[in-house]
Amino acid sequence: MASRTVTKDIITLRGSAAIVSEFFGYAANSILYNRGLYPEESFVKVKKYGLPMLLIQDESVKSFIANVTAQLSEWLEAGKLQRIVLVIMSKATNEVLERWNFSIETDSEVVEKGVSREKSDKEIMREIQAIMRQIASSITYLPCLDEACKNHTSFPNYFNCGVFDVLAYTDKDIAVPFTWIESDPKLIANPQMVKLHSFDTKIHKVDTLVSYKNDEWDEQ
Amino acid sequence: MDEGSMGSSHKRRALWLGPLQEQVPKRKSNRENLDRFIPNRAAMDFDFAHYMLTDGRKGKENPSVISPSREAYQKKLAEAFNMNRTRILVFKNKPSTPIDPIPKEFLSPSSPQTKPVKQRRHIPQSCERTLDAPDILDDFYLNLLDWGSSNVLAIALGSTVYLWDASNGSTSELVTIDDDDGGPVTSVSWAPDGRHIAIGLNNSHVQIWDYTVNRQLRTLSGGHRQRVGSLAWNNHILTTGGMDGKVINNDVRVRSHIVETYRGHHLEVCGLKWSASVQLASGGNDNLLYIWDKTMASSSAPRQWLHRLEGHTAAVKALAWCPFQGNLLASGGGGGDQCIKFWNAHTGACLNSINAGSQVCSLLWNKNERELLSSHGFAQNQLTLWKYPSMVKMAELTGHTSRVLFMTQSPDGCTVASAAADETLRFWNVFGTPEVAKPAPKAKLEPFAHVSRIR
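Quick caveat: nothing in here was measured; it's all calculated off a predicted structure. (Residues numbered from 1 in each chain as written. Chains lettered and ligands numbered in written order. Predicted model: local features only at pLDDT ≥ 70, side-chain atom pairs only at ≥ 80, totals over all residues. Heavy atoms only, no water.)

Another point: the side chain of Ser374 of chain B. Residue and element names in this part refer to chain B. With respect to the helices and strands, the residue Ser374 is situated in strand S24 (residues 371-376). Looking at Ser374, its side chain comes within polar contact range of the side chain of Trp386, at 2.9 Å. With sequence-adjacent residues up to four places away left out, Ser374 is seen in contact with Ile340, Val360, Ser362, Leu363, Gln382, Leu383, Thr384, Trp386 and Met407. (Helix = DSSP H or I, 4+ residues; strand = E, 2+ residues; numbered from the N terminus. Polar contact = N/O pair within 3.5 Å; in protein donor to acceptor, adjacent residues only side chain to side chain. Contact = heavy atoms within 4.5 Å.)

All names here are of chain A. Note: strand S2 (residues 43-48) against strand S3 (residues 51-56), 6 bridges, orientation antiparallel. Pairing of Lys45 across the sheet is with Leu54, part of S3. Linking S2 back to S3 in an antiparallel pair, the connection comprises 2 residues, with Tyr49 at a positive phi of about 60 degrees. (Pairing = 2+ DSSP bridges.)

This brings us to the packing of helix H1 (residues 13-34) of chain A against helix H2 (residues 59-77) of chain A. Geometry of a packed helix pair, given as the angle between the helix axes and the separation of the axes. Residue and element names in this part refer to chain A. Between H1 and H2, the shortest axis-to-axis distance is 9 Å and the interhelical angle comes to 150 degrees. In this view, H1 runs roughly antiparallel relative to H2, as classed from their interaxial angle. Considering only the axes of H1 and H2, their crossing is right-handed. From H1, Leu13, Arg14, Ala17, Val20, Ser21, Phe24, Gly25, Ala28, Asn29 and Leu32 reach across to H2, where they touch Val61, Ile65, Val68, Thr69, Leu72, Ser73, Leu76 and Glu77. Here the contact of H1 with H2 is built from residues that sort into 11 nonpolar, 5 polar and 2 charged. (Axes fitted to C-alpha atoms, helices over the stretch in contact; angles between N-to-C directions. Parallel < 35°, antiparallel > 145°, perpendicular 65-115°, else oblique. Left-handed = near helix turned anticlockwise from the far one by under 90°. Nonpolar A, V, L, I, M, F, W, Y, C, P; charged D, E, K, R; others polar.)

Residue and element names in this part refer to chain A. Enumeration according to the criterion identifies 20 salt bridges over all chains in this entry. We note a salt bridge from Arg14 to Glu77, for which the minimum N-O separation is 3.8 Å. Linking Arg14 in helix H1 with Glu77 in helix H2, this pair joins segments that are 63 residues apart in sequence. Here Arg14 falls in the partly exposed class, since its relative accessible area comes to 35%. With a closest N to O distance of 3.2 Å, Lys205 and Asp207 form a salt bridge. For Asp207, a relative accessible area of 16% puts it in the buried group. Among the charged side chains, a network of salt bridges with common partners joins Asp107, Glu109, Lys113 and Arg117. (Salt bridge = Lys/Arg side-chain N within 4 Å of Asp/Glu carboxyl O. Buried < 20%, exposed > 50% of the residue type's maximum accessible area, 1.4 Å probe, protein only.)

Structural data, given as structure tokens:
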């Protein structure tokens, strides 16, 4: 590990909320690409977090993610967001196959008193980079989303084997915006869970966990 | 495998290390310890393991023997620790999936989230008016009260249907049906046009009347074999629910009126409500709540219902579709259940369930605010106003001296009329004062809406 940089940057509540919601946007895109939910051709490469990150170009998905991250950012600033979950369901049966769970711990002192914290931007980037790498490598152990996926070699070919959705766990006392509705948690029964790295902006701490349906092929 | 990840080769370990263990200090040892079959002694908690292997078992032998007080205590503890304070939300406008080129869904304008500036309105604690309702049947399963869109309220007292004109307060008698002719009356329901009214009878017939000319237009018979306790209109379709458990869609314009029969309930159908679109909710004495979809052809599907919901432990009579949130249905259970449950009618999921404390006879949504009104039985016989979705009690209106069996609301959405077995019909201005009947202004911007957005 390189020696820790001495300079620390000031992080405000709004800045931290921006970092977390931006992270979620990129992570969601990465999951969509790596899990083969949309065809490879619909993604373009951009540089972010020191890595080549893939972003989807399809307008409806782009605006969906943009709307969601904008709302998440608002809730993060209010300190009301507890976690974000990206669920992947089977297109045919609507059964939940995977849950990417991002739990958020908010420093309530910052929300209440408006103080700011200090942490090196570079270090936060490094932590996020580690998580992004883990998401990309997750395809080596996550079960195939569909029978047809089994034919792929390295990256899955273009299949619409799954649909995705985003759940936001918020405090009960928020005003529900008109574009959001209540939902059930869409849990998986007896899931396998893998905990990934976490990152911390000193205001919001984000833990990542992926749980997936037990695939018979994976049983050792 | 990339550096330091708790990946597949260690997934077994990830499970049994316990959910709250901090993973950071363990990374180093993982790198040294790449063989998954050798457990990491430093990470094992022997005391805990020993406990779980020996004493822990005993505690789990009789999981069913939890006394009700202990259950209530655990529930209170969970609430105190804020386990119930989470809401789960999804964004409405979903993206399109690949392959099938679905036309792009309507994109919601990214308008700043507006919070209308609301003053706390005053909810009068006593009823505004009381009318006499002698001989009203004290039967939980009937639906004897309805307020039509022409501002006329209809109530069935025994064998007679009375009409009360809300604009001038005059009362008139529509019809009396003796026991020989099919009475007493078991349900009343105004058609959407406010002019025609359906009257369900004890002998299983349903009469359709035009109140403006005071004339009976037709009788629907042959569908049910026992009394018709619940009615619901959907344009020209009158849906009837009977004691025989059948739910029948009748087209009142056509000679052979039976269009469709829904089978599912095996006991009396006491609650029946159409949503604004194509779904019908039916609640029965068999504790079941069914959701039927008008567009589902009965011949193609082996079963006819869209959802069969089993949450309640008593008769489900109180049903109400939410006016401001599509697909949201509220249901209330009878004396043995006492719960109000919220359902997503599209997926069939139960979103929330709260114990209201006494038998729930009826539910009404406020069209102007996000509130729900429920009417109850023993012991307080009150009407409770809940804030939605927090389910905080905003008001409890008492006055009735026996269970408040029937409730209906005025066409302007301000006044609620309730009738109880104490033979009174009471009017409450619980949803707002009649003069100020405007919905809360949605276009008002909260002053700091722009500042909070990140651009």
